[in-house]
Amino acid sequence: MGGSFGGGNGGGTGNGAGNGTGEAGDLIKEVSTQSFMQDVIEASKTQPVLVDFWAPWCGPCRQLTPVIEAAVTAAKGAVKLAKMNIDEHPEVAGQMGIQSIPAVIAFKDGQPVDGFMGAQSESQVKAFIEKLGGAAPVSQADQFLEQAEALLEAKDFGQAAQLFGAAMQAEPDNVRAISGLAQCYLSVNEVERAKQALEMVPADKQSDAAYMAAKAALDLAEQAEALGDLSEFEERLAKDPLDHQARFDLALGLNGNGDRTGAVDQLIEIVRRDREWNEDGARKQLLQFFEAWGAKEPATNYGRRKLSAVLFS
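Because the structure is predicted, anything quoted here is derived from the model rather than measured. (Residues numbered from 1 in each chain as written. Predicted model: local features only at pLDDT ≥ 70, side-chain atom pairs only at ≥ 80, totals over all residues. Heavy atoms only, no water.)

Asks: Explanation requested: the state of the cysteines in the structure shown.
Replies: Such a bond, covalent and formed between the sulfur atoms of two cysteines, is termed a disulfide. In the structure shown here, the tally under the stated rule is 1 disulfide. Note that Cys58 is cross-linked by a disulfide to Cys61, the S-S spacing being 2.4 Å. Taking the torsion about the S-S bond as the criterion, the Cys58 to Cys61 disulfide, at about 80°, is right-handed. As far as burial versus exposure is concerned, Cys58 and Cys61 are alike and both buried. (Disulfide = S-S within 2.5 Å. Buried < 20%, exposed > 50% of the residue type's maximum accessible area, 1.4 Å probe, protein only.)

Below, the structure written as structure tokens:
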């Protein structure tokens, strides 16, 4: 991370500010020499302003642009971004002694206070913004979600469902809240209510990881419901341990009954005996389990260890 920058304020006076576009609204602006005083110096007296000095011919600038714009947008108004094309407006960069780009200078209370040179990673830019006091404010919905997810992990499904519902009241289209509520329903075998909850997620948000995990869990629950009594599969396996379809269905049923490690063991046995069965179906089913259960679930780590031992031994 770059150190503090000295130098004068620079820039002329006047208005003529460029307007930001897209979701970022007025958080991201193209600024000129004329608008620098208003859009950077004066604006930084209210909240930190990052000035991105760039040029169209600069490759690292093009690399940094989406990273810094995403970080500023994610900070939800805690900082603003002013983009200055030094080909069109070289005066401010010249006055500040900037000799290479991209260069990002942070202004606060009308003064340059910090900055960095060159392209940076997303985590570096985020840390730079947080260092300025520009961490995204935690919304009420986010507070509910953090508590709800902890309760869901602790298997307190009733309290978790109430908090997911509270988050939905604050933000009705919050995908994490809707998906978390669906996971609560699935945990107490209310499959239809889980399905109804997930139908509330708009199509354009169904690529969200929380939705995909809940949808995978719903698919598994519906499959388990359709299987019914598991004794049939156990009897078939007792007669023929190579009946992989019976073992596969037994794994689905065991997962539906909450025996996740038992489900893993059955699928691992198929992989061990016949990796190519049903076009690698047992391994693919394990991966669906892992997606539905989440990375923090002990059965996921257990399954990954067992699968690695079989595949790479």
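Asks: Just to check I follow, could you spell out helix α11 (residues 244-256) for this structure?
Replies: For the α-helix, the turn length of 3.6 residues means that residues three or four positions removed from each other point alike. For α11, with 13 residues, the first-to-last C-alpha span of 18 Å sits near the 18 Å given by 1.5 Å per residue. Within α11, 11 of the 13 residues are buried, which leaves it mostly tucked inside the rest of the structure. By the burial criterion, the buried members of α11 are His244, Ala246, Arg247, Phe248, Asp249, Leu250, Ala251, Leu252, Gly253, Leu254 and Asn255. Where the residues of α11 are buried, they touch α9 (209-227), α10 (231-239), α12 (260-273) and α13 (281-293). With its phi angle positive at about 95°, Gly258 sits one or two positions after the end of α11. (Helix = DSSP H or I, 4+ residues; strand = E, 2+ residues; numbered from the N terminus. Expected span 1.5 Å × (residues − 1). Contact = heavy atoms within 4.5 Å.)

Asks: Could you clarify how one ought to interpret the pairing of strand β4 (residues 103-108) in this entry?
Replies: Two faces make up the sheet, and in a regular strand the side chains alternate between them. With 5 of 6 residues buried, β4 is to be regarded as a mostly interior element. Pairing of strand β2 (residues 49-54) with β4, which is carried by 5 bridges, proceeds in the antiparallel orientation. Opposite Val49, over in β4, you have Phe107 as the bridge partner. Pairing of β4 with strand β5 (residues 111-117), which is carried by 6 bridges, proceeds in the antiparallel orientation. (Pairing = 2+ DSSP bridges.)

Asks: For this particular structure, what's the right way to read the packing of aromatic side chains?
Replies: Aromatic rings in a pair are described by how distant their centres are and how their planes are angled relative to each other. Taken as a whole, this structure holds 5 aromatic pairs when the rule is applied. Residues Phe248 and Trp277 carry aromatic rings whose centres are separated by 5.6 Å and whose planes lie at 50° to one another, so their mutual orientation is tilted. Placement of Phe248 in helix α11 and of Trp277 in the loop between α12 and α13 is noted, with a sequence separation of 29 residues between them. Judged by relative accessible area, Trp277 falls into the buried class, the value being 16%. An angle of 15° between the planes, with centres 4.9 Å apart, marks the rings of Phe289 and Trp293 as stacked. Of this pair, Phe289 and Trp293 both sit in helix α13, 4 residues apart, which is roughly one turn of that helix. An identical accessibility class is assigned to Phe289 and Trp293; each is buried. Among the aromatic residues, ring-to-ring pairing joins Phe289, Phe290 and Trp293 into one connected group. The aromatic ring of Trp54 is capped on one face by Lys83, whose charged end is 5.8 Å from the ring centroid. (Phe/Tyr/Trp six-rings, centres within 6.5 Å; stacked < 30°, edge-to-face > 60°. Lys NZ or Arg CZ within 6 Å of the ring centre and 35° of its normal.)

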